[in-house]
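Spelled out from the first residue to the last, the chains are:
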Amino acid sequence: MRLAGNQGRLTPALRPTHAVPPASRTIIVAGAGIGGLTAAIALADRGFRVVVLEQATVLEATGAGIQLSPNAMRVLIGLGAAPRLEAVTVTPEAVRVRRAATGSEIVRLPVGDSELRYGAPYRVIHRGDLQAVLLALARQRPDIALVLGMRVDDYAVHRNGVTVACSGADGTSEHSGLALIGADGLWSRVRARLIGDAPPRPAYRTAWRALLPADAVEPALRAPIVDLWLGPGAHLVHYPVRGGRLINVVAIAHDREAVTGWSAPGDGAALLTRLPARSWAPAARDLLARPEQWLRWALYDRPPLARWSRGPVTLLGDAAHPMLPFLAQGAAMAIEDAAELADALALRPGDPVAALADYETRRRRRTAAVRAGARRNDRGYHLGGPAAAVRDLGMRMLGGDRLLARHDWIYGWHPRGGDVPVPAPADATAVRP
Ligand SMILES: Cc1cc2nc3c(=O)[nH]c(=O)nc-3n(C[C@H](O)[C@H](O)[C@H](O)COP(=O)(O)OP(=O)(O)OC[C@H]3O[C@@H](n4cnc5c(N)ncnc54)[C@H](O)[C@@H]3O)c2cc1C
């Protein structure tokens, strides 16, 4: 991989006229997030040259913990990520669902058996570590050129493919390729240009994120378990990341305010008012009282699109199908997209327009179903009173094994699959973090 502009400057050798390989096999990717980097690696492994244009001048370790379910891990392992992931991930034994008021366990989903059950492990990781692993894999592939500090502003389609107009610290530039993949996230400019639909819808839920050093918390909090506490109007998730050295804590609460960005500072005292003592056990509130620094971001999603490709331009990940994080599948869907996109383009290298249409067809129904599942969990997670009691009873009666089996269609997915059918809508007891 060639890396340019890590201080917002392009070296002369990497200016577009020299850096961009001939357009005949070049794919342009807008955005070096989880989806964009995975797509670049998968495309390079299928014989394409890839130019990744990223607006950030430095790829920072932003975000919070990410659960990498077996469907995502299967793709990452296929791209050679396993040894690097080993050092920074944790394999949870289970997802433990708890009642907020007492801390008592409602049910335990045995995700630790995922390798046996799904043929790939269930892992948890810090988003920044995942991005670093992907970056390291991209660096090993000379056919990937990553240009940092380069924002994609616009594009023009022509008979040889597409030309992308960008701007950076050194001014504007153009890059040409066979196809453009908009992997530029929730606020995608490529999507605005391609679809021109309404902006993302605020969900009026805010995620509060903090990291605690593992050696500063009691052993129970360091256990390899994903703990999910369900309370009225809010839920709390915590699990170890960075190979067990940090504890990722995320609380999601209803909120009328919609802050944008990933890193607005949060006031721990304000968070505690949203998870009050009358509904939250002392152990949960004690954990919430510990971090000195909280970061907040508002949650958004969008209704599914009927189409997201036109000619040689398509979307991937949050740009195509943003979803609420209540099924822990946003990054996983971006990773799946990347695998299917590379496969579709490899099958029809001479006809990228048809390949992108094929990619979209493979992905549309599944991503819409997963998004709908996340919305259902949004309703189920934050119940209070008798409705919450019914939910908890339903989960207990179902048991962890059968609750996990309701997610086989998500976790059992294989690239170029079709072997795992999309399910009928589940009820509110189908709770997953
Ligand atoms: C609280 C919370 C918890 C979550 N937990 C999970 C989880 O457990 N499991 C899971 O699978 N998912 C989870 N997600 C979702 C996941 O984080 C996202 O779905 C995922 O990061 C989307 O990846 P992406 O590559 O599509 O977009 P992003 O990661 O947002 O990357 C987009 C990239 O494009 C760049 N960019 C933007 N505009 C431009 C432009 N014009 N030109 C060039 N570059 C541009 C950005 O700088 C960025 O680097 C969670 C989300 C939240 C909010």
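Here is a short report on the structure shown in this document. Remember, it's a predicted structure, so these values are computed and weren't measured experimentally.

Throughout the structure, instances matching the rule amount to 31 salt bridges. Here the salt bridges share partners, and the residues they tie into one network are Arg46, Glu340, Asp343, Asp358, Arg362 and Arg416.

The end-to-end C-alpha distance of helix H11 (residues 330–347) is 26 Å, a good match for the 26 Å that 18 residues give at a rise of 1.5 Å each. A large share of H11 lies buried, amounting to 15 of its 18 residues.

What follows concerns the sheet that holds strand S13 (residues 201–213). Spatial ordering of the open sheet is given by S6-S5-S14-S15-S16-S13-S18-S17, a layout of eight strands whose pairing is mixed. Looking at which strands have only one partner, the edges of the open sheet turn out to be strand S6 (105–109) and strand S17 (264–266). Neighbour to neighbour, the strand axes of the sheet diverge by 25° on average, direction disregarded. For S17 and strand S18 (residues 294–301), the ladder comprises three bridges, and the chain directions are antiparallel. Each bridged residue has a counterpart across the sheet, and for Pro265 the counterpart in S18 is Leu295.

Around the ligand lies a shell of 30 residues, among which Gly35, Glu54, Gln67, Arg127 and Trp297 are the nearest. Between a nitrogen atom of the ligand and a main-chain N or O atom of Gln55, the distance comes to 3.1 Å. In isolation the ligand offers 1,000 Å² of accessible surface; the protein chains occlude 90% of this area. Each residue belonging to the shell around the ligand can be placed in one class, and the counts come to 14 nonpolar, ten polar and six charged. Structurally, the shell around the ligand is a two-domain feature, drawing no fewer than three residues from each of domain 1 (2–62 + 129–198 + 305–369) and domain 2 (65–127 + 200–301).

To continue, consider the packing of H11 against helix H12 (residues 352–381). Between H11 and H12, whose axes approach to 8 Å, the crossing angle comes to 155°. As far as their axial angle goes, H12 and H11 are roughly antiparallel. With respect to the hand of their crossing, H11 and H12 are arranged in right-handed fashion. Together, Met333, Glu336, Asp337, Glu340, Leu341, Asp343, Ala344, Leu345 and Leu347 of H11 and Pro352, Ala355, Leu356, Asp358, Tyr359, Arg362, Arg363, Arg366, Thr367 and Val370 of H12 make up the contact between the two elements. Taken together, the residues that form the contact of H11 with H12 break down as ten nonpolar, one polar and eight charged.

Further remarks concern the nonpolar core. Counting residues in each nonpolar core, the largest one holds 73 residues, and the members touching the most others are Leu43, Leu53, Leu68, Leu76, Leu180 and Leu341. No other element matches the nine residues that H11 contributes to this core. Taken together, domain 1 (2–62 + 129–198 + 305–369) and domain 2 (65–127 + 200–301) each give at least three residues to this core, which thus spans both. For Leu43, the residues in contact, after removing those within four places along its chain, are Ile27, Val29, Phe48, Val50, Leu341, Ala342 and Leu345. Counting 40 residues, the second largest nonpolar core, distinct from the first, contains Ala207, Leu324, Leu398 and Tyr411.

Conventions we followed
Residues numbered from 1 in each chain as written. Predicted model: local features only at pLDDT ≥ 70, side-chain atom pairs only at ≥ 80, totals over all residues. Heavy atoms only, no water. Salt bridge = Lys/Arg side-chain N within 4 Å of Asp/Glu carboxyl O. Helix = DSSP H or I, 4+ residues; strand = E, 2+ residues; numbered from the N terminus. Expected span 1.5 Å × (residues − 1). Buried < 20%, exposed > 50% of the residue type's maximum accessible area, 1.4 Å probe, protein only. Pairing = 2+ DSSP bridges. Axes fitted to C-alpha atoms, helices over the stretch in contact; angles between N-to-C directions. Near = heavy atom within 4 Å. Polar contact = N/O pair within 3.5 Å; in protein donor to acceptor, adjacent residues only side chain to side chain. Areas by Shrake-Rupley, 256 points an atom, 1.4 Å probe, with all protein chains shown as cover. Nonpolar A, V, L, I, M, F, W, Y, C, P; charged D, E, K, R; others polar. Domains from an automatic or database assignment. Parallel < 35°, antiparallel > 145°, perpendicular 65-115°, else oblique. Left-handed = near helix turned anticlockwise from the far one by under 90°. Contact = heavy atoms within 4.5 Å. Core = buried A, V, L, I, M, F, W, Y, C linked by side-chain atoms within 4.5 Å.

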